Amino acid sequence: MFCFPPLLSSSTLLKTLLLLAALSVHYTGGSASTPTAPPKIGKGYRLISVAESPDGGLVGHLQVKQKNNIYGPDIPLLQLYVKHETDGRLRVHITDAEKQRWEIPYNLLPRDQPPTLKQTIPSKSRNDPITVSEYSNSELIFSYTTDPFGFAVKRKSNGQTLFNSTSDPSDPFSNLVFKDQYIEISTKLPKDASLYGLGENTQPHGIKLYPNDPYTLYTTDISAINLNADLYGSHPVYMDLRNVGGDVNAHAVLLLNSNGMDVVYRETSLTYKVIGGVLDFYFFSGPTPLAVVDQYTEFVGRPAPMPYWSLGFHQCRWGYHNLSVVEDVVESYKKAKIPLDVIWTDDDHMDGHKDFTLNPKNYPRPKLLAFLDKIHKRGMKYIVIIDPGIGVNSSYGVYQRGLANDVFIKYHGKPFLAQVWPGAVNFPDYLNPKTVSWWADEVKRFHELVPVDGLWIDMNEPSNFCNGLCTLPVGRICPNGTGPGWICCLDCKNITSTKWDDPPYKINASGLQVPVGFKTIATSATHYNGILEYDAHSLYGFSQSVATHKALQGLQGKRPFILSRSTFVGSGKYAAHWTGDNKGTWNDLKYSISTMLNFGIFGVPMVGSDICGFYPAPTEELCNRWIELGAFYPFSRDHANFYSPRQELYQWKSVAVSARNALGMRYKLLPYLYTLAYEAHISGAPIARPLFFSFPNFTRSYGLSTQFLLGKSLMVSPVLDKAKTKVHALFAPGTWYSLFDMTQAIVVKEGHYRALDAPLHVINVHLYQNTILPMQQGGLISKEARMTPFSLVVTFPLGASDGEAKGNLYLDDDELPEMKLGNGYSTYVDFYATVSKGKVKVWSGVQESKFALEKGWFVEKVTVLGLNGIGGALEVEVDGIAAVDTSTVEFTATEHKFPERLEEDVYDEMKKSMMLEVRGLKLPIGNKFTMSWSMGIKG
């Protein structure tokens, strides 16, 4: 749902918008100038003891060297804990040695706890120098210096330093600073490192982190149009990709801390400035980008299993005023022959914007149930929005039950009063176990009222239209319906009397250094067990996702689908994400790719942006280009603002054509996308990923933010600029085949850009060599598309006389909560192909065949690309038994075409390469099969 950028007061909306616009402009163009390094704080700490911990790690104590009061007094004694938790994961934990400090609850994000704090200074203080020591496992080496204390993490295989916190006199950063509300630590970096991550923000320079851009992490409800500002999620993790003389290695660094922070990236260093909590670092050794994400999601939680239908197309709008409008939208998509799986409503279905209610006039329950019965029979789904703010209303059962169960966040013992869409609200405290139970009960009650198929949790940064401590005067109607719903109408006063509301260090909140409690819950408010909002603020959306996931799983034992705006480390285990309130501009179209790719690194692979832009009205041309791109987002949804004109894909004839083309291909690719969702669930592998994931040695791809891969080998190259009918696409070395016209091949010996035709209705999608791609025939609903015959596309290097290709396919009952093999309701197939000595062979290996056989799925066509000859006599075996009748099988050969002339030295060799189609097959997916034929060389 729409929410304006933060408001300084109800009378200064315009001023704030202008400030934020100025901020956006400031960071859009050119190189940022290098800021002057701030003065160093203190002298750091010295290591006074170190010993082996009972669990095989290291425990040490650090003593401050010289006290100062910049940002508050130093914590005099710290505890250091170091542990190699796995071969690829190292933990370094630093906290107050004498007093328990805030940490992310261990039951919210499960992990091992460090040793119990020592309550006194070690009995034998050591002032004499301790020799530099190393603590290693098979992948990583931890080493330390003692005075001043610093630590380094190195890669064992090549000795490369991944992290080094020791400050030399010439370094632009301090040694370790550790105060109650200010913690600073830095690392040196090689100048040519490529860093990715540290979100959520909209990065105008692309996916690579850009030196001297601001990176502030603090969950905030400001529109995604604001560049280089802290947005809806907090992900304090970065991936570091280094190429040293062709030796390419990737690693990641996570600082597991929920407090607000600024991260200052200069070309040769990176500095964390955190306003609370502890230093809890996790280092992931990689060494490949995929291995990094595998290790990261193994720790924070594997991405949630997604239902098959969630990979279909979704339509939403804030402003579907009544059910008849929604019914018309569904029928209009069907009439236009544009695929649609899921219809959504924003808060239009609610009674007075109140969660878990229905508007009896505009969405009467009997008519809504009849509508849902109709679309459910077709295989379609329905999702509604839920905001966290619960309306304060004596006749509202949800609120009254919440009060009775004491579930709301408190301020001085009373529920904290805020304002969101219903008016005055209280916020549930999802860190409280009672709240989780109450929430599950409310979800259950609502599902009995309306059998929705998923929940969309929005405004959960959390967003508040007011500031400070507020009251609702008796008799005041708030909002009164005469102005915008986001203008504060409570009586409020600022809270600056506590160090939690006015901390000594001001993070760059909202890109304007606004107070940390600005337009959200007051940071001195309290959660369960006295937890401060100051500490837990950025966990709010994450904790709501956990509670909502638990509630939905408990309904009917089905696989949940949750879409959350606010996210944190580990959110991908429970929810998908969309990138929030974007604009219908060409720049926002571009930005969506970088944000999507970042969330794949964050372990939230089911992600996408509002197609055609949330507001204002997009142009027809822009909407054409956006659906061409958005059809290949992992999460593909058109969503628009209340105040924008209607922008469903059938509203323009030209957009409908582009939608049928692009979404038509998406629906043919659903088995591939679903297999990628399975791989994401078991290994964290992003569905959409940067090119360097597959081509780590291809340095030109390191900053590429205008193209991306789906899986390992399917490349999407959209048009991102106005009035363009060509796209300049970067190709890695090898052979690439156009997915929309498989006779077209692009061969590059050295990776470089190629100009591709891209008229209005065309998006370029290319498949890389050595791949086997499973596809189906498509349809208007995923349920129908899923039951069509399969085809396999096999790609060899163009003209290769010897080659191999591989692919895979995962199938299951997507209603089941788990996405796994071994339950009798899933099948996994590996596909293989070779060309050698004039013979082509394609075969499969099957795990858990029962499910696929019961569904009757079969392969009807195999298309082989890049051959240098046509087909001869075909031999087919199914489960080792030769097929007797192959009379219905047809071979069709077509010469490949080349959009650009091949290099002279390969042209003659490859100009007669063939695309060979083998039709009329009926190979059961659930059975192992082998098919082979000899090639007759075409003269």
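Residues numbered from 1 in each chain as written. Predicted model: local features only at pLDDT ≥ 70, side-chain atom pairs only at ≥ 80, totals over all residues. Heavy atoms only, no water.

What to know about the overall build of the chain
Assigned secondary structure in the chain consists of 15 helices and 53 strands. Taking 939 residues into account, the globule formula puts the C-alpha radius of gyration at 30 Å, and the chain, at 29 Å, falls close to it. Among the 939 residues that make up the chain, the fraction classed as buried is 63%. Considering only residue pairs separated by 6 or more positions, the chain has 71% of its internal contacts joining residues 24 or more positions apart. As displayed, the chain has an accessible area near 32,800 Å², and 51% of this comes from carbon and sulfur atoms. (Helix = DSSP H or I, 4+ residues; strand = E, 2+ residues; numbered from the N terminus. Rg over C-alpha atoms; globule rule 2.2 N^0.38 Å. Buried < 20%, exposed > 50% of the residue type's maximum accessible area, 1.4 Å probe, protein only. Contact = heavy atoms within 4.5 Å. Areas by Shrake-Rupley, 256 points an atom, 1.4 Å probe, with all protein chains shown as cover.)

Quick look at the pattern of salt bridges
The tally for this structure, following the rule as stated, stands at 40 salt bridges. Between D147 and R46 there is a salt bridge, with its nearest N and O atoms 3.7 Å apart. A residue pair is termed long-range when its members are at least 10 positions apart, and D147 in the loop between β6 (140–146) and β7 (149–155) and R46 in strand β1 (residues 45–52) qualify at 101 residues. Given a relative accessible area of 43%, D147 falls into the partly exposed group. Residue R46 is classed as partly exposed on the basis of its relative accessible area, which comes to 23%. Here K65 makes a salt bridge to D147, at a shortest N to O gap of 2.7 Å. Pair noted here: K65 is in the loop between β2 (58–64) and β3 (77–86) and D147 is in the loop between β6 and β7, with a separation of 82 residues, a long-range link. Residue classification places K65 among the partly exposed residues on the basis of a relative accessible area of 32%. (Salt bridge = Lys/Arg side-chain N within 4 Å of Asp/Glu carboxyl O.)

Quick notes on the packing of aromatic side chains
One pass over the structure, following the stated rule, counts 61 aromatic pairs. Ring geometry for W318 and Y643: centres 6.2 Å apart, planes at 90°, overall edge-to-face. Of the two residues, W318 sits in the loop between β18 (313–315) and α3 (323–336) while Y643 sits in the loop between β33 (636–638) and α11 (653–668), which places them 325 residues apart along the sequence. Under the relative-accessibility criterion, W318 is labelled buried at 5%. A relative accessible area of 52% places Y643 in the exposed class. By way of ring pairs, the aromatic residues F356, Y399, F408, F427, Y430, W438, W439, F446 and Y540 are connected into one cluster. Its guanidinium or amino end placed over the ring of Y674, R786 lies 5.4 Å from that ring's centre, counting from NZ or CZ. Over the aromatic face of Y825 sits the side chain of K850, whose NZ or CZ is 5.8 Å from the ring centroid. (Phe/Tyr/Trp six-rings, centres within 6.5 Å; stacked < 30°, edge-to-face > 60°. Lys NZ or Arg CZ within 6 Å of the ring centre and 35° of its normal.)

Remarks on the sheet that holds strand β38 (residues 734–738)
If you trace the six strands from one edge of the open sheet to the other, you get β34-β35-β36-β41-β38-β39, paired in antiparallel fashion. The sheet is open, and its two borders are formed by β34 (688–689) and β39 (745–748), each paired with just one other strand. Sheet analysis places strand β35 (residues 708–710) next to strand β36 (residues 714–717), joined by three bridges and oriented antiparallel. Within β36, the residue paired with F708 across the bridge is V716. (Pairing = 2+ DSSP bridges.)

Brief notes about helix α6 (residues 433–449)
Between the first and last C-alpha of α6 there are 25 Å, a value that for 17 residues agrees with the 24 Å anticipated at 1.5 Å per step. What α6 keeps buried is the set T435, V436, W438, W439, E442, V443, F446 and H447. Buried residues along α6 sit against β20 (381–386), β21 (390–391), α5 (397–404), β26 (454–457) and α8 (540–556). N-cap assignment for α6: the residue whose side-chain oxygen lies 2.9 Å from the backbone N of K434 is N432. (Expected span 1.5 Å × (residues − 1). Polar contact = N/O pair within 3.5 Å; in protein donor to acceptor, adjacent residues only side chain to side chain.)

Overview of the pairing of strand β5 (residues 133–136)
Pairing geometry for β5 and β6, over four bridges, is antiparallel. Bridge assignment links E134 to a residue of β6, and that residue is S143. Here β5 folds back onto β6, and the loop between the two strands holds three residues.

Here we look at the pairing of β7
Of all seven residues in β7, six are buried; the element is thus mostly enclosed. For β6 and β7, the ladder comprises seven bridges, and the chain directions are antiparallel. Pairing of T145 across the sheet is with G150, part of β7. Taking the residues between adjacent antiparallel strands as the criterion, β6 and β7 are bridged by two residues. Where β7 meets strand β8 (residues 161–164), three bridges bridge the pair, whose relative direction is antiparallel. Looking at β8, one finds that A152 is bridged to N164. Here β7 hands over to β8 after five residues, with G159 in that stretch at a positive phi of 75°.

A look at the state of the cysteines
In protein chemistry, a disulfide is the covalent bond that joins the sulfur atoms of two cysteines. Enumeration according to the criterion identifies four disulfides in this entry. With a sulfur-sulfur separation of 1.9 Å, C478 is cross-linked through a disulfide to C489. In this structure, the disulfide formed by C478 and C489 twists by about 80° around the S-S bond and is classed as right-handed. Pair noted here: C478 is in the loop between β27 (469–471) and β28 (491–493) and C489 is in the loop between β27 and β28, with a separation of eleven residues, a long-range link. With its disulfide-bonded cysteines labelled consecutively along the sequence, the chain is connected as 1-4, 2-6, 3-5, 7-8. The cysteine C316 is free of any disulfide, with C612 supplying the nearest cysteine sulfur at 13 Å. (Disulfide = S-S within 2.5 Å.)

Comments concerning the nonpolar core
Counting 180 residues, the largest nonpolar core has L254, Y382, F561, F632, L649, F708 and L710 as the members making the most contacts within it. Not counting the four nearest positions on each side in its chain, L710 is found in contact with F632, Y672, L673, L676, I687, A688 and V716. Membership of the second largest hydrophobic core comes to 44 residues, among which are V92, L189, L255 and Y265. (Core = buried A, V, L, I, M, F, W, Y, C linked by side-chain atoms within 4.5 Å.)

A look at the sheet that holds strand β15 (residues 261–266)
One open sheet accounts for five strands, arranged β9-β10-β16-β15-β12; its pairing is antiparallel. At either margin of the open sheet sits one strand with a lone partner, and together these are β9 (177–178) and β12 (214–217). Of the strand pairs in this sheet, β15 and strand β16 (residues 269–274) are connected by six bridges, and their pairing is antiparallel. The partner of R266 across the bridge, within β16, is S269.

With respect to the side chain of E85
Following the sequence through the fold, E85 ends up in strand β3. A distance of 2.9 Å separates a polar atom in the side chain of E85 from a polar atom in the side chain of R89. Once residues lying within four places of it in the same chain are set aside, the contact partners of E85 are R91, D112, Y282 and F299.

A few points about helix α12 (residues 670–683)
Taking 1.5 Å of rise per residue, the 14 residues of α12 would be expected to cover 20 Å, and the 20 Å separating its terminal C-alpha atoms lies within 8% of that figure. Of all 14 residues making up α12, twelve are buried, and the element is well covered by its neighbours. For α12, the set of buried residues is L670, P671, Y672, L673, Y674, T675, L676, A677, Y678, E679, A680 and H681. G684, located one to two residues past α12, shows a positive phi value of around 80°.

Observations concerning unusual backbone geometry
The linkage connecting G199 with the following residue, E200, adopts the cis geometry, with an omega of 15°. Summarising the element assignment, E200 is placed in the loop between β11 (194–199) and β12. The omega torsion across Y615 and P616 is -15°, close enough to zero to call that bond cis. Relative to the elements of secondary structure, P616 occurs in the loop between β32 (610–611) and α10 (620–630). One non-glycine residue, L198, lies in the positive phi region at around 50°. Within the secondary structure, L198 is located in strand β11. By relative accessible area, L198 is classed as buried at 0%. Phi at N212 takes a positive value of approximately 75°, unusual for a residue other than glycine.

Re the packing of α3 against helix α4 (residues 365–378)
Remark: α3 packs on α4, axes separated minimally by 11 Å, with the N-to-C direction vectors making an angle of 20°. On the basis of the axis angle, α3 is roughly parallel to α4. Once α3 is placed against α4, the crossing between them reads as left-handed. For the pair α3 and α4, contact is made by L323, V326, E327, V330, E331 and K334 and by K367, L368, F371, K374, I375 and R378, respectively. Among the residues forming the contact of α3 with α4, the class breakdown is six nonpolar, no polar and six charged. (Axes fitted to C-alpha atoms, helices over the stretch in contact; angles between N-to-C directions. Parallel < 35°, antiparallel > 145°, perpendicular 65-115°, else oblique. Left-handed = near helix turned anticlockwise from the far one by under 90°. Nonpolar A, V, L, I, M, F, W, Y, C, P; charged D, E, K, R; others polar.)

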